[in-house]
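Chains, contacts and geometry: an overview
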Amino acid sequence: MTTIEVREEDAFDAAAVHAWLAARVEGLGDEPPAVRQFPGGASNLTYLLTYPDRELILRRPPAGHKAASAHDMRREYRVQHALKPVFPYVPRMLAFGDDPAVLGGDFYVMEKLAGLILRGDLPAGLELTPEQARELSGKVVDRLVDLHAVDVGKAGLADLGKGAGYVERQIRGWSDRYAAARTDNVGDFAEVRSWLAANQPGEVKICLIHNDYRLDNLVLDGPSTLNITGVLDWEMATLGDPLMELGSMLAYWVQADDDDVMKASRRQPTHLPGTFTREEFVARYAEKTGLAVGDWRFYEVYGLFRLAAVLQQLYRRYHDGATRNPAFKDFWQFVGYLDWRCREIIAKGSA
């Protein structure tokens, strides 16, 4: 996983963090760690703390404009700590901090999971045969199935979400968040929001969902076996409808025959020969879980609209000057494309 020098706007006092952490984790020594930043995250900030004998991960929220319910470090820490005994594919939590004198707000530190994370393109020297790409696709589905089968009562997470009514809350909530983050250079998604509100299915079930499950949030044990050993970024985990999660996840699953704009948005190597198509992913998930999918258009449009709202929130932070991160500068253009793509999917069902 590539790191960069800490951006000036995201810097913190490493000595203060070390003094706080050394009182809670044994064997860290006297010297503060070397600090680097992971550039890939577009929401909470993630840092690598390097000590002579170990590497740790620190997570904290960004500054500036953000949704009121997002970036809850205490909740993210609690979810992973509770999950570890029943779903071992989470990092071990080490310490949670809420003293504003240390970092200005809540944060936590966890172990670093060793392994491989696949991002936009395969790392130099790694090649996947079509058979390997297909096998990895199946593992991605199967780990999601495992997650959706977690006994939330046994994990102590039965109170994590509001339960029934999840679909309606998501459509209303993301519509409100998009409207609040809208800028003058993007459309209002009126047709899409109206269609989603009018075509809501009932929940197929309520279970634990990650809510940001993507290939680039998965840790693999190595290039030869490609077993999934870790799932990262639990900030949005809740109790909800698993098909809504599937729709959200596949909004990022860019395949080889997508149009040029969609292919330009690709951030994970889901275009490789042998990789599941979105249709194949849904079919395997349905086969493994026994859940009836119904009209997949709803979940596909929901996933793309949700992605548009997420990107627009991030662009709004850049637009308002809350961040200078250049990665957000052109997000508004893709938001406009997603509006068109959603309407095209909707129209196909009425043709």
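Residues numbered from 1 in each chain as written. Predicted model: local features only at pLDDT ≥ 70, side-chain atom pairs only at ≥ 80, totals over all residues. Heavy atoms only, no water.

- An unreviewed UniProt entry annotates the chain as Phosphotransferase family protein of Amycolatopsis mongoliensis.

**Description of helix α6 (residues 166-181)**
- Between its first and last C-alpha atoms α6 spans 22 Å; for 16 residues at 1.5 Å apiece the expected length is 22 Å, and the two agree.
- Every buried residue of α6 is accounted for by Y166, V167, R169, Q170, I171, G173, W174, S175, Y178 and A181. (Helix = DSSP H or I, 4+ residues; strand = E, 2+ residues; numbered from the N terminus. Expected span 1.5 Å × (residues − 1). Buried < 20%, exposed > 50% of the residue type's maximum accessible area, 1.4 Å probe, protein only.)

**With respect to the pairing of strand β5 (residues 107-111)**
- With 4 of 5 residues buried, β5 is to be regarded as a mostly interior element.
- Taken together, the 4 bridges between strand β4 (residues 93-97) and β5 define a ladder with antiparallel strand orientation. The partner of M93 across the bridge, within β5, is M110. (Pairing = 2+ DSSP bridges.)

**Regarding the nonpolar core**
- Counting residues in each nonpolar core, the largest one holds 84 residues, and the members touching the most others are L83, V140, L196, W234, L246, F281 and L338.
- Counting residues per element, this core draws most heavily on helix α11 (residues 296-319), which supplies 14 residues.
- The residues touching W234, leaving out its near neighbours within four places in the chain, are E76, V79, Q80, L83, F87, V90, L147 and H210.
- If you look at the next biggest cluster of nonpolar residues, it comprises 18 residues, including F12, L28, L45 and L56. (Core = buried A, V, L, I, M, F, W, Y, C linked by side-chain atoms within 4.5 Å. Contact = heavy atoms within 4.5 Å.)

**Considering the side chain of D216**
- Here D216 lies in the loop between β6 (207-209) and β7 (218-220).
- Polar contacts involving the side chain of D216 include one to the side chain of R214, which spans 2.9 Å. (Polar contact = N/O pair within 3.5 Å; in protein donor to acceptor, adjacent residues only side chain to side chain.)

**Regarding the pairing of strand β2 (residues 45-51)**
- Of all the 7 residues making up β2, 6 are buried; the element is thus mostly covered by neighbouring parts of the structure.
- Direction of pairing for strand β1 (residues 34-37) relative to β2: antiparallel, over a ladder of 4 bridges. Within β2, the position partnered with Q37 by the bridge is Y47.
- The sheet contact formed by β2 and strand β3 (residues 54-60) spans 7 bridges and is antiparallel. Within the sheet, the bridge partner assigned to L49 lies in β3 and is L56.

**Regarding helix α10 (residues 278-289)**
- The terminal C-alpha atoms of α10 lie 17 Å apart, and with 12 residues this matches the ideal 16 Å at 1.5 Å per residue to within 8%.
- Among the residues of α10, R278, F281, V282, Y285 and A286 are the ones counted as buried. On an axial view of α10, the arc spanned by its buried residues comes to 130 degrees, and they lie on one face. Within α10, the exposed residues directed more than 90 degrees away from the buried face are E279 and E287. (Arc of directions from axis to C-beta.)

**Digging into the packing of aromatic side chains**
- Applying the stated criterion across every chain, the model contains 16 aromatic pairs.
- Ring plane angle 35 degrees and centroid distance 6.4 Å describe the contact between W195 and F298, whose orientation is recorded as tilted. Within this pair, whereas W195 is found in helix α7 (residues 190-198), its partner F298 is found in helix α11, the two being separated by 103 residues in sequence. Across this residue pair, the class does not change: W195 and F298 are buried.
- Their ring planes at 35 degrees and their centres at 5.5 Å tell us that W296 and Y299 sit as a pair that is tilted. Highlighted residues: W296 and Y299, both in helix α11, separated by 3 residues, approximately one helical turn.
- Classification of Y299 as buried rests on a relative accessible area of 2%. (Phe/Tyr/Trp six-rings, centres within 6.5 Å; stacked < 30°, edge-to-face > 60°.)

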